[in-house]
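Geometric and topological summary
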Amino acid sequence: MSLFNVCSWWSAQCSDPGEEYDVASLLCARFGLEAQEKDYIIVGSQSGQLSIYYPHHRGYDATDLLLETQMTAPILGLYAGKFSGTVRNENANQLGVLLPNAIVIYNVLAIGGLAEHGAQLRLQMQAEHKFQRVAFGMCQGHFGQVKGREFFCVVHLDGTLTFYEQDGISYECRFPGYRALPAPVVYCERTDSFFRFSATWDLQCYSYQDLSHSLVTKSSYQPTWTQCVGEGIVDMRVVQVKENCSYIMILGERNFISLDDNGKFNFMLKLDYAPKCFISFVVGYYWEPGARLITAIISDSSKLHLYEEANLIWAAQWPNQSPAPVAIQRSNVQNLAGGIVTLGAKGQLEVGYLGADPFQFQVQPLKLEELSFAQAHKELQQLEDEIKEAVDVRDMDALNQQAADQVRLTFTIQPEVNDDLDTLLLDVPADVAVKELPSAKGLLRCRIKAELAELQLVFQTPNGVRCSQDTLSFVDVAAGTIHEFKLDFYIAELLHIHSAKVEVIASFVSPRGIPRVIQQIANLPLSMFYRACQPQKAAGIKLTYSIISRHVTPKLATFFGEFLEEHSEAHALGLQLLCPGLEKQSEVITLVAAKNSNRIRIQSDYVETFAMILERIVERTLQLDSSAGLIKMDKKKPRKGVLNRCVERLIAAPFLPIQPILHRIDVHHDTQQSIRKQTEQLEELWQQFKTLQRNLQEQSEGDPKEALTMQIESNYDQLILEGDKLVEIRRDERRQRCDLNCAVALARWIIHALNLEERVVNVVNSVLSVPIEDWTELSWEESMAPGIDMLHHFGPLTRSKSTSTHGLLDSNANPKDSFDYSRFRRHFATLFDRIIRLASTPVAIKPDDSKEPSGEVEKPAAEEQVDEIGNMQRMLGEKGLPLGPPKRRSNMSSSLEAVEDDEEYDEEDLREDVGYRKEYGATDGTNTSSNRKNRSEWVNEDFELPTTEELFSDLGIWW
């Protein structure tokens, strides 16, 4: 056996380039139009395109296409035979075209061509048989062993068979059994039998006499014989190999099987490839002793395998067929006998033959040029530059700047809102369109400086807000291209919105395959979500911000100018939230600017109204202060012992609405529990439904089915009802998730401006991330629990030195099997309480933070109460305290650990039998007896625990 290529003799592209072709779309037949006629190639697509080709010589010519027409319905199959009694010529055939609801019989007529235009074909409709059911496939033959006439049988999608005779007589029948799925059906003329592949992977044989008399006699019948194939099939054919025997050739998904017409296995060949299509034929005549059964199978890798019986005799590769062909036929065309005709899924029609082309490879002469080290060094340097540009991430600022230079984005949103929103064009739901909420317009200008292989622009908006264009994709973008996109931002869901930020993310890939990502942020106008109203005098939640920066005027017009008139000196402003905006409940937030101080009071009864207002105050203050010439905060790297630098511009009063936030968490957790219970109930109902269906299938025809049918209907109605409940609960979950987003965002913006150490602010804000996400396996509370628990026991927010660190590590090593929500809620509230107590402690801010302070922490006694203010001053360094030598460094990891709580400790925290504590305070590295005396009694003499920074570094947590 040798491996060659299949040589291409003739090829053409069908008129329908889509994936509209399958195994039944190809037919090679003769119609008796001329004396020395060869095979015509007929192709029919599932879009209704019918084409007839007649190759004349090697290579495609325009005159090879003799007919091209469009059918009114998809073409399911093509067949050639004597389907009508009017055919007198023995060599003439008719063309049968199977459509979903009819089969049309055509006479093929030839029209002679003039000059060099060639001949043409014309179809003349002979008969049309319409179906009441949708067709699946068809088989043909001399049913009843009638000579000179050919009948055909249509297989429908419900498994029904419809037989048609030439005189217009038709009748229907069904295969025995409860289920008759559509499957290929073939006819064997020698035994006058039909072979059918059942849904149980069995090959069944039925005689034509039983099928034709079943409708008249109403009698039950059984298959003549049954053989289990054991797998699904790709195609099935019947070939008469001997005078007294026909073979059933079956191409399975993993095996090639052959049976005789009595149900006896001839052979079963296991295939080591995935087959796509096959054709079996006899070389010679079946009544001759030397007749050979040949089978050609095409694999999914476009490789042709030839078998004689079960022996592989040849293998060849289709060089131009990718993906693999879906149909194969053997044909005798002009000047090529025994050609192999294949059809691809996208209409690639090709006629080939088996053979070997001459070997054209020649050894190239050696280049004996002298090696140039300068040229080699230059090429090596170019390769190193390309590799470094692709993978070197040591200088991210340079890479980000390079990416920003390649794709320059200008993203702006107009501060004015519009009321003329086209709700139909933007597909706004009816409940939102009724409120006539305002929208905003934006403009994105994208200028491409370098050539790009791919470019994708994605707009990320908060929940409830949509953009008119969510995603934009481009391929092969040329350098110097400029794109402008006009955008519309509108409210599409009645949800509470936690942020007014819109982020555009541009991800692109260079022609060398280097990916880069850049992003820009713009803010939606607050007038999209609020409208001015009468301010309220009292509210349940009150927050205060003090503007410290001398570059920012502490007036309402500085932050909320769109709601005030020009040159307005108003000191109070009321804003009503438009979305969701219940008629009976108006959500109002009031802003009051002090007349004689730099403070701004924000108050409201609803947590959901604060997030965007605080976002505007904090970001506008930082923006105005940075534009005045000061260094941006994100350019400075946070260091240990440095206070939150946001308090140099504005500072928030130490207050967090803990109970309203915890209430949103409770509601969200209860809804998650309801979803899990409802899902389990649906799963039980679904299992019951499948069991009832299985019991119905296993019942025989004589058993009563009314009771079982009623149970199935009742179970189905209950299944639909519980499914609707689950949909409603998930809709409530989305609303409550947005409410929780607003609550968490409120806490983040308050903590962002508290008088705390900067690393504390960074860690807490990284844990309290928004927007929150829920997964099927893990809720938001469960995913937040490890981070909250870590902040509760370790790091700068741990409670006191009396807690056993080693014991906590041991207890966390074996987590509980189930999630303890009460523990999570308690730790969450404790975390907020500690943050407020630490922020309430007055701390002196050093003007020069280049030197780290040092101090000593006194060893607390068990009976003494810890002085929070004194500890904070000693740890962060007061102005009047002397600084130590340069080599001495104060351990700032414990700067916030001296605050104790009055709440009860957990059982895990009360373990006193194990655990070690390390001394907090300044050490000079000398091991003296005095240092040993100052150490805690819980310190192990042989082992030292790591510091907090080392501990968090080992755990993969960075401040």
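Residues numbered from 1 in each chain as written. Predicted model: local features only at pLDDT ≥ 70, side-chain atom pairs only at ≥ 80, totals over all residues. Heavy atoms only, no water.

1. With respect to the overall build of the protein chain
Helix and strand counts for the protein chain stand at 15 helices and 42 strands. Put simply, of all contacts in the protein chain between residues at least 6 apart along the chain, 63% involve residues at least 24 apart. Carbon and sulfur atoms provide 49% of the accessible area of the protein chain, an area that totals close to 50,800 Å². (Helix = DSSP H or I, 4+ residues; strand = E, 2+ residues; numbered from the N terminus. Contact = heavy atoms within 4.5 Å. Areas by Shrake-Rupley, 256 points an atom, 1.4 Å probe, with all protein chains shown as cover.)

2. Thoughts on the pairing of strand S36 (residues 515–523)
With nine bridges connecting them, strand S35 (residues 501–509) and S36 associate as antiparallel partners. Note on S36: the bridge partner recorded for valine 502 is alanine 522. Between S35 and S36, which pair antiparallel and follow one another directly, the connecting turn spans five residues, one of which, glycine 513, has a positive phi of 85°. (Pairing = 2+ DSSP bridges.)

3. Digging into the sheet that holds strand S41 (residues 599–604)
Strand order in this open sheet of six strands is S37-S39-S40-S41-S38-S42, and the pairing throughout is antiparallel. Strand pairing shows two members of the sheet lacking a second neighbour, strand S37 (530–533) and strand S42 (650–652), which therefore form its edges. Neighbour to neighbour, the strand axes of the sheet diverge by 25° on average, direction disregarded. As judged from the three bridges shared by strand S38 (residues 541–547) and S42, these two strands associate in the antiparallel manner. Paired with serine 546 across the strands is isoleucine 651, a residue of S42. (Axes fitted to C-alpha atoms, helices over the stretch in contact; angles between N-to-C directions.)

4. Overview of the pairing of strand S4 (residues 49–53)
Along any regular strand, the residues point their side chains to alternate faces of the sheet. With five of its five residues buried, S4 lies for the most part within the structure. Every second residue of S4 is oriented toward a common face, with Gln49, Ser51 and Tyr53 on one face and Leu50 and Ile52 on the other, all of them buried. Relative to S4, strand S3 (residues 40–44) runs antiparallel, the two being bridged by four bridges. Paired with isoleucine 42 across the two strands is isoleucine 52, which belongs to S4. From the end of S3 to the start of S4, which pair antiparallel, there are four residues, and glycine 48 there has a positive phi angle of about 95°. Where S4 and strand S5 (residues 65–70) come together, five bridges link them in antiparallel fashion. Bridged to leucine 50 within S5 is threonine 69. (Buried < 20%, exposed > 50% of the residue type's maximum accessible area, 1.4 Å probe, protein only.)

5. A closer look at the sheet that holds S3
Spatial ordering of the open sheet is given by S2-S3-S4-S5, a layout of four strands whose pairing is antiparallel. At either margin of the open sheet sits one strand with a lone partner, and together these are strand S2 (26–29) and S5. Shown here is a sheet whose adjacent strand axes are inclined to one another by a mean of 15°, direction ignored.

6. Re the pattern of salt bridges
In total, this model carries 28 salt bridges according to the counting rule given. Arginine 292 is the salt-bridge partner of glutamate 308, the closest N and O atoms lying 2.9 Å from each other. One end of the pair, glutamate 308, is in strand S24 (residues 303–308); the other, arginine 292, is in strand S23 (residues 292–299), with 16 residues separating them in the sequence. Across the pair arginine 730 and glutamate 733 runs a salt bridge, and its minimum N-O distance is 3.9 Å. Residue arginine 730 and its partner glutamate 733 are located together in helix H8 (residues 706–752), separated by three residues, close to a single helical turn. With relative accessibility at 41%, the residue arginine 730 sits in the partly exposed group. Overall, glutamate 733 belongs to the buried group, its relative accessible area being 6%. Beyond isolated ion pairs, a larger network of salt bridges with shared partners links Arg133, Asp158, Glu172 and Arg174. (Salt bridge = Lys/Arg side-chain N within 4 Å of Asp/Glu carboxyl O.)

7. Some words on the side chain of histidine 496
Within the secondary structure, histidine 496 sits in the loop between strand S34 (482–491) and S35. Side chain to side chain, histidine 496 and glutamate 587 meet in a polar contact 2.9 Å long. (Polar contact = N/O pair within 3.5 Å; in protein donor to acceptor, adjacent residues only side chain to side chain.)

8. Focus on the packing of aromatic side chains
Across all of its chains, the model carries 33 aromatic pairs by this definition. A ring pair is formed by phenylalanine 31 and tyrosine 40, whose centres lie 5.7 Å apart and whose planes are at 45°; its orientation type is tilted. The two residues phenylalanine 31 and tyrosine 40 agree in class, both being buried. Each ring, one from tyrosine 821 and one from phenylalanine 824, has its centre 6.1 Å from the other, and the planes form 40°; the classification is tilted. Of this pair, tyrosine 821 and phenylalanine 824 both sit in helix H12 (residues 821–839), three residues apart, roughly one helical turn. Phenylalanine 824 matches tyrosine 821 in its accessibility class, with the two residues each being buried. In textbook terms, an aromatic cluster arises when at least three aromatic residues are bridged by ring pairs, as seen for Phe143, Phe151, Phe163, Tyr171, Tyr187, Phe194 and Tyr208. Stacked on the ring of phenylalanine 278, the Lys or Arg arginine 237 has its end atom at 5.7 Å from the ring centre. The cationic tip of arginine 330 hangs over the ring face of phenylalanine 281; the distance from NZ or CZ to the ring centre is 4.5 Å. (Phe/Tyr/Trp six-rings, centres within 6.5 Å; stacked < 30°, edge-to-face > 60°. Lys NZ or Arg CZ within 6 Å of the ring centre and 35° of its normal.)

9. Considerations on a nonpolar patch on the surface
On the surface, Val134, Phe136 and Leu157 cluster together to form a nonpolar patch covering roughly 240 Å² of accessible area. With respect to the helices and strands, phenylalanine 136 occurs in strand S10 (residues 135–141). Judged by its relative accessible area of 35%, phenylalanine 136 is partly exposed. (Patch = residues over 30% accessible without salt bridge, like charges linked within 9 Å, V, L, I, M, F, W, Y side chains within 5 Å.)

10. Considerations on helix H3 (residues 396–406)
For H3, the full list of buried residues reads Leu399, Ala403 and Gln406. Within H3, the buried residues cover an arc of 60° as seen down the axis, which keeps them to one side. (Arc of directions from axis to C-beta.)

11. Brief notes about the packing of helix H7 (residues 658–698) against H12
Look at H7 against H12: their axes get within 11 Å of each other, and the N-to-C directions meet at 160°. Considering their axes alone, H7 and H12 lie roughly antiparallel with respect to each other. At the point where H7 passes H12, the crossing takes the right-handed sense. Across the interface between the two elements, Ile658, Gln659, Ile661, Leu662, Ile665, Asp666 and His669 of H7 pack against Tyr821, Phe824, Arg825, Phe828, Ala829, Phe832 and Asp833 of H12. (Parallel < 35°, antiparallel > 145°, perpendicular 65-115°, else oblique. Left-handed = near helix turned anticlockwise from the far one by under 90°.)

12. Some points on the environment of valine 458
Structurally, valine 458 is set in strand S31 (residues 452–460). Setting aside anything within four residues of it in sequence, one finds valine 458 in contact with Asp470, Thr471, Glu503, Val504 and Ile505.

13. Some words on the state of the cysteines
Tallied over the full model, the rule gives zero disulfides. Its sulfur unpaired, cysteine 153 is 4.5 Å from the next cysteine sulfur, which belongs to cysteine 139. In this structure cysteine 153 comes out as buried when scored by relative accessible area, which is 0%. (Disulfide = S-S within 2.5 Å.)

14. Remarks on the packing of helix H9 (residues 758–767) against helix H10 (residues 780–793)
Direction vectors running N to C along H9 and H10 enclose 160°, while the axes themselves pass 10 Å from each other. Comparing their axes, H10 and H9 come out roughly antiparallel. Of the two elements, H9 crosses H10, and the hand of that crossing is left-handed. Here Val763, Val764 and Val767 of H9 lie close against H10, whose contacting residues are Met784, Gly787, Ile788 and Leu791. Of the residues belonging to the contact of H9 with H10, the class tally is six nonpolar, one polar and no charged. (Nonpolar A, V, L, I, M, F, W, Y, C, P; charged D, E, K, R; others polar.)

15. Focus on unusual backbone geometry
Most peptide bonds adopt trans geometry, and most residues besides glycine take a negative phi value. Here the residue pair valine 770 and proline 771 is connected by a cis peptide bond, since its omega of 0° sits within 30 degrees of zero. As for its placement among the helices and strands, proline 771 is situated in the loop between H9 and H10. Phi angles above zero are rare outside glycine, and tryptophan 201 is one such case at about 65°. Inspection of the secondary structure puts tryptophan 201 in the loop between strand S15 (193–197) and strand S16 (202–207).

16. A few points about the confidence of the model for the protein chain
Looking at the protein chain, pLDDT values average 79 and 79% of them are 70 or higher. Note that residues 950–959 has pLDDT below 50 and, in this model, 14 contacts with residues that lie over four places away or in other chains. (pLDDT = per-residue confidence, 0-100.)

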